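# Architecture and fold: a report
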Amino acid sequence: MLDVKTIREDPERVKRAITERGMSVEVADVEGVLEIDARRREILVEVEELKRRSNKASEEIVALKKKGRDTAPVVGEMKGISESIKEMDTDVREVEARIRELMLDIPNIPDGSVPIGADETANVEVRRSGKPPEFTFKSKPHWELGEELDILDFQRGAKIASSRFTLLKGAGALLERALMNLMLDVHTREHGYTEVFPPILGNRDTFTSTGQLPKFEEDMYVCSDDLLLAPTAEVPVTNIFRDEIIPEENLPIKYSAYTPCFRREAGSYGKDVRGIIRQHQFNKVEMVKFAHPDNSFDELESMTADAEDILERLGLHFRVVSLCTADLGFSAAKCYDLEVWMAGVGEFKEISSCSNCTDFQARRANIRFKPAVGGKPRFVHTLNGSGVAIGRASAAVMEHYQMDDGRIVVPPALQPYMGGMTVIG
RNA sequence: GGAGAGAUGGCCGAGUGGACGAAGGCGCACGCCUGGAGAGCGUGUGGGCCCCAAAAGGGUCUCGAGGGUUCGAAUCCCUCUCUCUCCGCCA
């Protein structure tokens with residue numbers, strides 16, 4: 001959520017941001033906010049004056065009673081005022097609810113460093129790391145490798161749940177677990193993150209805070225008791241400090257969490273239908289930071305580097321892309337995608353997304369910090385990044401390290417996590 | 001799932017219809033005191049919104065949430081949420 005004051009003071013800037021994101025100004029209704037906000041303040045001034053008088057009259061009644069005088073005239077006057085106050089309070093609540101409704105649909109303002117563009121072709125490659133493997137044989141996609149090695153079972157995954165669910169078996173399951181442990185170990189022992197294991201279901205407040213609700217409910221799995229399955233650990237972990245004030249000296253707070261993630265993938269029919277790239281359930285190690293506004297963009301750089309470190313340890317080829325305005329997530333002011341080279345199919349695939357949400361989520365979630373030198377609490381900046389998506393990492397490893405006989409070399413970084421296994425198959 | 005108890009400021013805790021974010025204590029900050037520390041003494045110490053160009057200042061709201069009774073609610077009534085205890089079930 002933006003600050004209403006930002007909209008009040010510079011509505012053109014907000015509208016420009018919405019347009020650059022390729023969003024309609026009807027959906028993100030800046031004019032509507034301006035109108036209703038003006039109305040709200042109008043009513044407030046009026047009702048607060050009435051309340052002031054009512055408070056004064058209350059004092060009078062007490063004074064009169066002490067003197068044993070008749071209070072009836074004042075009480076009579078109060079009756080009318082109370083009625084008006086009640087009515088106007090109702091108006092204020094309605095107006096405030098309406099503003100909030102509109103505000104929740106207005107996206108974050110992209111940072112000045114974000115490339116402006118209408119689609120993903122405007123994304124800017126920032127750097128590359130590693131090299132694609134050179135095969136002397138015809139390389140295979142991971143779903144073929146996985147089925148032949150009997151470590152990925154798509155048929156039975158679909159039988160148990162539905163399409164886009166996969167059963168991992170033997171070394172496939174172990175690889176998943178090894179990646180998870182490697183990532184958590186590196187982030188907690190070397191990158192300074194504290195490991196957390198959050199609830200994976202969250203309530204509506206939680207999902208509204210991080211921006212999934214109200215706009216993106218159709219992408220979520222909603223349980224019958226109105227709890228929702230987290231599509232990423234970003235959701236529960238960012239909410240750890242909802243409605244809290246953090247001492248400034250505690251910033252930045254860095255958490256890393258493994259969780260399964262659940263996404264309906266509504267509207268992605270026919271996309272990545274083969275393999276384990278796009279699943280309704282997948283595993284991910286996530287990084288979340290609560291940062292000081294003054295250095296949150298530095299924290300974004302270091303978080304991105306933390307994610308890159310994982311891919312480097314795995315010896316994978318990847319590139320870092322700065323997302324353009326149109327590709328930027330709703331809550332993000334700036335975002336780097338890490339795209340790993342899928343050697344079997346010969347293309348880059350997003351494996352991590354590192355975002356600085358600035359104060360957008362913090363305002364929705366009411367997460368603030370108390371400045372050490374004193375003064376009003378301010379909103380923190382929240383950041384989140386995949387560190388990294390485990391299923392996609394597993395697929396990338398399979399494809400990158402495949403041999404001509406269909407077996408897969410275990411990269412050295414993973415061997416200790418797989419009981420010393422050096423080859424799968 | 002059944003029965004009961006509770007929710008007040010950073011923390012503990014008083015407050016059952018009338019001035020007041022709300023006694024007292026702890027904590028914290030500052031000052032005095034001290035060679036220094038402690039003790040002691042004194043002062044201060046939540047957040048939101050609105051008015052104001054801003055500061056200063058002022059107003060208003062806030063005792064888990066929402067609604068009701070009343071001229072007036074932390075206090076009375078209703079609903080909900082959460083926490084704790086006991087019973088049942090259970091990894």
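It should be emphasised that the depicted structure is a prediction, and the values quoted were computed from it without experimental measurement. One numbering rule holds for all chains: residues counted from 1, following each sequence as written. To label them, take the chains in the order written and letter them from A, then take the ligands in the order written and number them from 1. Reporting in this predicted model follows two pLDDT cut-offs: at least 70 for local features of residues, and 80 or more for side-chain atom pairs to be given and counted; totals over whole chains, interfaces and linings ignore these cut-offs and use all residues. Only hydrogens and water are removed before side-chain values are computed, so all heavy atoms of the structure are retained for them.

## Considerations on the protein's contact with RNA strand B
Around RNA strand B there are 23 residues in total, and Arg40, Lys65, Met78, Arg368 and Lys370 lie nearest to it. Note on definitions. A residue lies near a molecule or strand when any single heavy atom of the residue is within 4 Å of it. When the atoms of RNA strand B within 4 Å of the protein are sorted by group, sugar and phosphate make up 79%. Side-chain atoms alone can form a polar contact between residues adjacent in sequence; in general such a contact is a pair of N or O atoms within 3.5 Å, and within protein one must be able to donate a hydrogen while the other accepts it. Lys79 places a polar side-chain atom, nitrogen or oxygen, 3.4 Å from a phosphate oxygen of RNA strand B. In this structure, Lys376 approaches RNA strand B through a side-chain N or O atom, which is 3.3 Å from a phosphate oxygen. In DSSP terms, a helix is any run of H or I states spanning at least four residues, a strand is any run of E spanning at least two, and both are numbered starting from the N terminus. Of all elements in the fold, only helix 3 (30–67), helix 4 (72–104) and strand 13 (367–370) reach the threshold of two or more residues within the surface near RNA strand B. In terms of residue count, helix 3 provides more of the surface near RNA strand B than any other element does, 12 residues in total. Nonpolar residues are Ala, Val, Leu, Ile, Met, Phe, Trp, Tyr, Cys and Pro. Charged residues are Asp, Glu, Lys and Arg, and all others, Gly as well, are polar. Of the residues in the surface near RNA strand B, the class split is 7 nonpolar, 3 polar and 13 charged.

## Here we look at helix 3
To estimate the expected span of a helix, subtract one from its residue number and multiply by 1.5 Å. The first and last C-alpha atoms of helix 3 sit 55 Å apart over 38 residues, in line with the 56 Å expected at 1.5 Å per residue. Remark: exposure states derive from per-residue accessible area (1.4 Å probe, protein chains only) relative to the maximum for the residue type, with buried under 20%, exposed over 50%, and partly exposed in between. The set of residues buried in helix 3 consists of Val30, Gly32, Val33, Ile36, Asp37, Ile43, Val47, Leu50, Ser54, Ala57, Ile61 and Leu64. Residues of helix 3 that are buried in the fold lie against helix 1 (4–9), helix 2 (11–20) and helix 4. Of the residues one or two after helix 3, Gly68 is the one with positive phi, at around 75 degrees. The contact criterion used is simple: two residues touch if any of their non-hydrogen atoms lie within 4.5 Å.

## A word on the nonpolar core
As a rule of thumb, soluble globular proteins bury nonpolar side chains together. Within the largest apolar cluster, 53 residues are counted, with the highest numbers of intra-cluster contacts made by Leu414 and Ile424. Judged by nonpolar contacts, the second largest core, of 26 residues, contains Leu2, Val14, Leu50 and Met103. Definition used in this section: a nonpolar core is a set of buried Ala, Val, Leu, Ile, Met, Phe, Trp, Tyr and Cys residues joined via side-chain atoms within 4.5 Å.

## Quick word on the side chain of Ser129
Here Ser129 lies in strand 1 (residues 124–129). Non-local contacts of Ser129, meaning those with residues more than four positions away in its chain, are made with Glu312, Leu316, His317 and Phe318.

## Considering the domain arrangement of chain A
Residue ranges for the domains trace back to a domain assignment, done automatically or taken from a database. One can read the domain layout of chain A as domain 1 (4–103) and domain 2 (120–424). A straight line from the C-alpha centre of domain 1 to that of domain 2 covers 43 Å. Here the quantity called buried area is the accessible surface, traced with a 1.4 Å probe, that two parts lose on coming together, added over both. For the domain 1 and domain 2 pair, buried surface summed over both sides reaches about 560 Å², with 41% attributable to carbon and sulfur atoms. For the domain 1 face of the interface with domain 2, the top three residues by lost area are Glu20, Arg21 and Arg100, together amounting to 71%. Any carboxyl oxygen of Asp or Glu that lies within 4 Å of a side-chain nitrogen of Lys or Arg is treated as forming a salt bridge with it. Applying the counting criterion to the domain 1 and domain 2 interface returns 0 salt bridges. Our count for the contact surface shared by domain 1 and domain 2 stands at 4 residue pairs in polar contact (both at pLDDT 80 or more). Looking at the side of domain 1 that touches domain 2 residue by residue, the class counts come to 2 nonpolar, no polar and 3 charged.

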